[in-house]
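# Notes for the structure review
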Amino acid sequence: MTVTTRDPLAGASPVIEITGARKTYRTGDIEFEALRGIDCRIFPGEYVAIVGPSGSGKSTLMNILGCLDVLTSGSYILAGEDVSTLDEVALASARNRRIGFVFQQFNLLASLTALGNVELPLIYAGVAPAERRERALAALERVGLGDRWRNHPGQLSGGQQQRVAIARALVTEPAIVLADEPTGNLDSRSTEDVLGMLDDLHGEGRTIVLITHEGDVARRAQTVYNVTDGQFVGAGTEIAK
């Protein structure tokens, strides 16, 4: 089944195009097919949610979309670049240039301040210290934490830590924000806060791909796709706003 999101820009090329995506894991003589022939096209400026229970294949798909893993077969074109057969070094470069990540566990380094955590992608990109500090401070200001840049993660609430993670995701100005269960560890107030930020980013023209098992969270997206047993089930549903 080919899943194609509504194209918000007439004539635009997909920012994500996956064809015949299959991923098989092998342990000894045992094989498990986590993805079974998914086709997917997402266009610039889309807000897409991929929904499924544990074991459905959504986490595997997230790893493929985020260039954290490679397909067993099929192709993946990311912002015009074929990343299907890249080695680990090239995949890391593609991740850093194209994708901003927001994870359920925040993935912040406890030994670094909020500023230090947000600077990390710029360090990997080779940005000079003065510029990366300026950009990281601006990103923290953008998420409402400009006055907390000296704080370490342990000095911040869960919602504030996720804001730091969002700032880190934005600091490289990526084409795509990939959010993997971004509200899974948050209370209802912080959840609404984080989802509001994703809404704002979408309003600014960012491409948002949200991985979740929560239907209420998924409904914030324009289009929702359900994944079961490594396949999309039914056509994508555009959500009325």
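Since we're looking at a predicted model, the values are computed, not measured.

Procedures and definitions
- Residues numbered from 1 in each chain as written.
- Predicted model: local features only at pLDDT ≥ 70, side-chain atom pairs only at ≥ 80, totals over all residues.
- Heavy atoms only, no water.
- Phe/Tyr/Trp six-rings, centres within 6.5 Å; stacked < 30°, edge-to-face > 60°.
- Buried < 20%, exposed > 50% of the residue type's maximum accessible area, 1.4 Å probe, protein only.
- Lys NZ or Arg CZ within 6 Å of the ring centre and 35° of its normal.
- Pairing = 2+ DSSP bridges.
- Helix = DSSP H or I, 4+ residues; strand = E, 2+ residues; numbered from the N terminus.
- Core = buried A, V, L, I, M, F, W, Y, C linked by side-chain atoms within 4.5 Å.
- Contact = heavy atoms within 4.5 Å.
- Salt bridge = Lys/Arg side-chain N within 4 Å of Asp/Glu carboxyl O.

Attention now goes to the packing of aromatic side chains. Given two aromatic rings, one states the distance between the centres and the angle between the planes to describe the pair. If you walk through the whole model with that rule in mind, you get two aromatic pairs. For the pair F101 and F103, a centre-to-centre distance of 5.4 Å together with 5° between the ring planes defines the contact as stacked. Each member of the pair, F101 as well as F103, carries the same accessibility label: buried. Between Y225 and F232 the ring centres are 5.7 Å apart and the planes differ by 55°, which places this aromatic pair in the tilted class. On the basis of relative accessible area, F232 is assigned to the buried category, the value being 8%. When the ring centre of W149 is taken as reference, the NZ or CZ atom of R133 above it lies at 4.9 Å.

Two strands pair when backbone bridges link them, and strand β2 (residues 16-27) and strand β3 (residues 30-42) are joined in this way by ten bridges, in the antiparallel orientation. Counted as the bridge partner of R26 is E31 from β3. As consecutive antiparallel partners, β2 and β3 are separated by two residues, and within that stretch G28 has a phi angle of approximately 65°, a positive value.

Turning next to the nonpolar core. For soluble globular proteins, nonpolar side chains are generally found buried alongside one another. Core analysis: the biggest nonpolar cluster contains 39 residues, and A49, V118, L140, V164, I166, L198 and L210 have the highest contact counts within it. If you tally residues by element for this core, the top one is helix α5 (residues 158-170), at six residues. If we skip the residues at most four places from it in the chain, L198 touches Y47, V177, A179, P182, I208 and L210. Of all hydrophobic cores here, the second largest spans 31 residues; its members include V48, L71, A94 and I99.

This part takes up the pattern of salt bridges. Under the counting rule described, the total for this entry stands at 13 salt bridges. Here the salt bridges share partners, and the residues they tie into one network are E81, R97 and R98.

The subject of this paragraph is the side chain of T183. As for its placement among the helices and strands, T183 is situated in the loop between β8 (176-180) and α6 (188-203). If near-sequence neighbours (up to four positions away) are discounted, T183 is found in contact with T191, V194, L195, E214 and V217.

Attention shifts here to the environment of K23. Assignment of secondary structure puts K23 in strand β2. Relative accessible area serves as the criterion here: at 9%, K23 is assigned to the buried category. Along the primary structure K23 and T60 are separated by 37 residues, whereas in three dimensions their C-alpha atoms are 7.9 Å apart. K23 has contacts with F32, E33, A34, L35, T60, D69, V70, L71 and T72, leaving out every residue within four places of it along the chain.

Everything listed here is a matter of geometry and, on its own, says nothing about what the molecule does.
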